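# Tertiary structure, described
If you want the building blocks of each chain, they are given just below.
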Amino acid sequence: MTKICVIGLGYIGLPTAALFANNGYEVVGVDVNEKVVKKVNEGNIHIEEPGLSEMVQQAIQTGKFTASTTPVKSDYYIIAVPTPIHKDKKSNLAYVVSATETIMPYVEKGNTIIVESTIPPRTISDIVAPITREHGFNPDENDIYLAHCPERVIPGNIVHELTHNHRIVGGYTKEAADQAAKIYEATVKGEVRKTDAVVAETSKLMENTYRDVNIALANELAKIADELSIDASQVIEMANMHPRVNILQPGPGVGGHCIPVDPYFIIEKAPNIARLMQLSREINDSMPEFVIDKIHTLTKHISEPKIAILGLTYKGNTSDMRESPALEIIELLDKDEKNITFKCHDPFVEEDEIDFGYELYSLEETLKDADLAVVLADHDVFKELDASAFISNMKKPVVFDTRNVFKKDLDGVTIHTLTNFTKIQ
Ligand code: SAJ
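Below is a summary of the structure that appears in this document. (Residues numbered from 1 in each chain as written. Predicted model: local features only at pLDDT ≥ 70, side-chain atom pairs only at ≥ 80, totals over all residues. Heavy atoms only, no water.)

Turning our attention to the site of the ligand. The environment of the ligand is made up of 21 residues, and the closest members are Glu 151, Lys 204, Arg 211, Tyr 314 and Arg 403. Here an oxygen atom of the ligand sits 2.6 Å away from a polar atom, N or O, in the side chain of Glu 151. Looking at which element gives the most residues to the shell around the ligand, the answer is helix 8 (residues 197–228), with five residues. When grouped by side-chain class, the residues that make up the shell around the ligand number nine nonpolar, four polar and eight charged. (Near = heavy atom within 4 Å. Polar contact = N/O pair within 3.5 Å; in protein donor to acceptor, adjacent residues only side chain to side chain. Helix = DSSP H or I, 4+ residues; strand = E, 2+ residues; numbered from the N terminus. Nonpolar A, V, L, I, M, F, W, Y, C, P; charged D, E, K, R; others polar.)

Below, the structure written as structure tokens:
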């Protein structure tokens with residue numbers, strides 16, 4: 001029976017561990033957080049993700065999956081720990097290094113170590129391989145196998161994408177790619193494509209960079225259209241009728257733990273060349289300021305404006321607030337010198353589960369007597385709101401919809417969007 005040890009029971013490690021367990025592997029999931037380990041062993045989860053709870057419960061009930069704070073001897077070790085950036089935007093690989101160190105006392109000849117965490121180019125060869133050598137292994141001679149198999153699942157649809165997406169398996173050697181690919185080939189429905197480690201590392205980063213650059217283009221269009229008094233949403237709609245054009249949606253900024261981070265893993269390796277990537281990051285990071293600027297315009301005739309913030313998460317229908325542009329917008333509002341006060345509401349966010357720093361209110365309390373409602377996350381529940389929610393609570397029903405949540409007019413409510421400022425005087 002093939003044994004797999006998954007290090008890190010977060011957004012990627014937990015579903016990955018459950019997936020392998022549900023496909024017949026014997027899986028031990030390891031996390032430094034004892035509370036997480038206890039919860040998982042009880043068949044509960046600490047992450048909000050559709051379908052994940054059932055998946056984990058099934059894996060625990062069959063006895064194929066257990067969680068622990070320490071690794072066990074296994075055939076495969078999968079590292080799925082965070083790879084954040086430092087304040088100076090350089091990659092912080094401390095968790096990958098410590099996860100690799102943690103498993104080394106258990107690793108034996110013939111085992112395979114797979115890093116699923118997103119990592120800068122050459123991390124497998126320059127950081128992971130040397131650690132294994134320090135412990136007496138020679139991955140160049142294939143006495144152990146090293147590979148990078150980047151996760152590519154989108155939060156909100158992880159359970160589906162985990163089995164259906166194509167996988168890239170980048171081996172440190174050709175034999176390592178073959179060895180690592182075996183468990184994915186036996187488990188996923190998508191194609192499993194083998195390559196070398198550095199190609200796998202760079203492809204994953206390019207996927208998210210591609211998205212970041214394209215969102216930057218949409219955001220830049222929103223700013224240009226604002227300057228020239230053009231309706232950007234119509235421009236996007238018309239341009240996208242072309243068979244080879246797909247302009248994305250402008251928004252209040254790019255959040256999440258991947259897209260605003262991953263381009264820097266390439267930029268740090270080639271700072272003088274990666275100019276488009278750097279500029280795209282700057283454009284996307286400038287969007288919260290742009291939103292604040294528009295809030296000022298919309299409230300300029302009000303002496304002490306009251307703002308209702310609707311949605312705090314980095315995108316719709318998730319409780320994930322990591323790198324959410326809403327947080328920066330709130331911070332900017334807090335520091336604002338224009339006598340603005342605000343209340344926040346997000347149906348996905350539990351106040352006691354996060355270190356948010358601001359009080360959360362119900363929708364009605366948040367809208368009560370507000371001069372302006374600002375929508376920052378495209379939750380489906382917001383899409384279903386009708387005009388009366390705004391009319392009956394707000395001082396004047398004016399909405400600034402930065403996510404194009406309201407596709408049609410709400411009778412009696414004035415709606416401004418990021419793409420249509422032509423109406424604002
Ligand atoms: N956004 C826009 N306009 C758009 C699309 C997105 O402003 O037109 C914003 C979102 O609101 C959000 C941010 O971009 O704040 C990122 O959201 P997302 O839905 O594009 O992506 P993530 O971060 O949830 O997941 C991405 C995915 N990568 C790609 O689609 C290329 C996912 O497949 C990766 O696995 C994931 O990053 C990851 O873990 O790397």
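Inspection of every chain in the model, using the stated rule, returns 16 salt bridges. For Lys 395, the salt bridge goes to Asp 371, with nearest N and O atoms at 3.7 Å. Of this pair, Lys 395 sits in the loop between helix 16 (387–391) and strand 12 (398–401) while Asp 371 sits in the loop between helix 14 (363–367) and strand 11 (372–375), and the two are 24 residues apart along the sequence. A residue is classified by how much of its surface remains accessible, and Asp 371, at 10% relative accessible area, is buried. Here Lys 383 ties to Asp 380 by a salt bridge, and the two come within 3.3 Å at their closest N and O atoms. In this pair, Lys 383 and Asp 380 both sit in helix 15 (residues 380–383), three residues apart, roughly one turn of the helix. By relative accessible area, Asp 380 is classed as partly exposed at 34%. Linked by salt bridges that have partners in common, Lys 174, Asp 178 and Lys 194 make up one network. (Salt bridge = Lys/Arg side-chain N within 4 Å of Asp/Glu carboxyl O. Buried < 20%, exposed > 50% of the residue type's maximum accessible area, 1.4 Å probe, protein only.)

Here strand 6 (residues 145–148) shows a buried face lined by Tyr 145 and Ala 147 and a second buried face lined by Leu 146 and His 148. Pairing of strand 5 (residues 112–115) with strand 6 involves four bridges; the strand directions are parallel. Bridge assignment links Ile 113 to a residue of strand 6, and that residue is Leu 146. The handedness of the strand 5 to strand 6 crossover, carried by helix 5 (residues 123–134), is right-handed. Where strand 6 and strand 7 (residues 167–171) come together, two bridges link them in antiparallel fashion. By the bridge assignment for strand 7, Ala 147 is matched with Gly 171. (Pairing = 2+ DSSP bridges. Right-handed = clockwise from strand over helix to strand, strands pointing away.)

Turning our eyes to something else, we now look at the sheet that holds strand 1 (residues 3–7). Within the open sheet, the eight strands sit side by side as 3-2-1-4-5-6-7-8. Their pairing is mixed. Edge positions in the sheet fall to strand 3 (65–68) and strand 8 (192–196), since each has one partner strand and no second. With strand direction ignored, the average angle separating the axes of adjacent strands in the sheet is 25°. Summarising the sheet, strand 7 and strand 8 pair through five bridges and their orientation is parallel. In the sheet register, Arg 167 faces strand 8, and the bridge partner there is Val 192. Packed on one face of the sheet, helix 5 meets strand 5 and strand 6 and runs near 150° to strand 6. Those strands touched by helix 8 are strand 6, strand 7 and strand 8, and its axis lies near 115° from that of strand 8. (Axes fitted to C-alpha atoms, helices over the stretch in contact; angles between N-to-C directions. Contact = heavy atoms within 4.5 Å.)

A separate point is the packing of helix 1 (residues 13–22) against helix 3 (residues 52–61). Geometrically, a packed helix pair is captured by the angle between its two axes and the distance between the axes. Relative to each other, helix 1 and helix 3 sit at 50°, their axes nearing to 9 Å. Put simply, helix 1 runs oblique to helix 3. Every pair of crossing elements has a handedness; the one defined by helix 1 and helix 3 is left-handed. In this structure, helix 1 contributes Leu 14, Pro 15, Ala 18, Leu 19, Ala 21 and Asn 22 to the contact, and helix 3 contributes Leu 52, Met 55, Val 56, Gln 58 and Ala 59. Class assignment of the residues belonging to the contact of helix 1 with helix 3 gives a composition of nine nonpolar, two polar and no charged. (Parallel < 35°, antiparallel > 145°, perpendicular 65-115°, else oblique. Left-handed = near helix turned anticlockwise from the far one by under 90°.)

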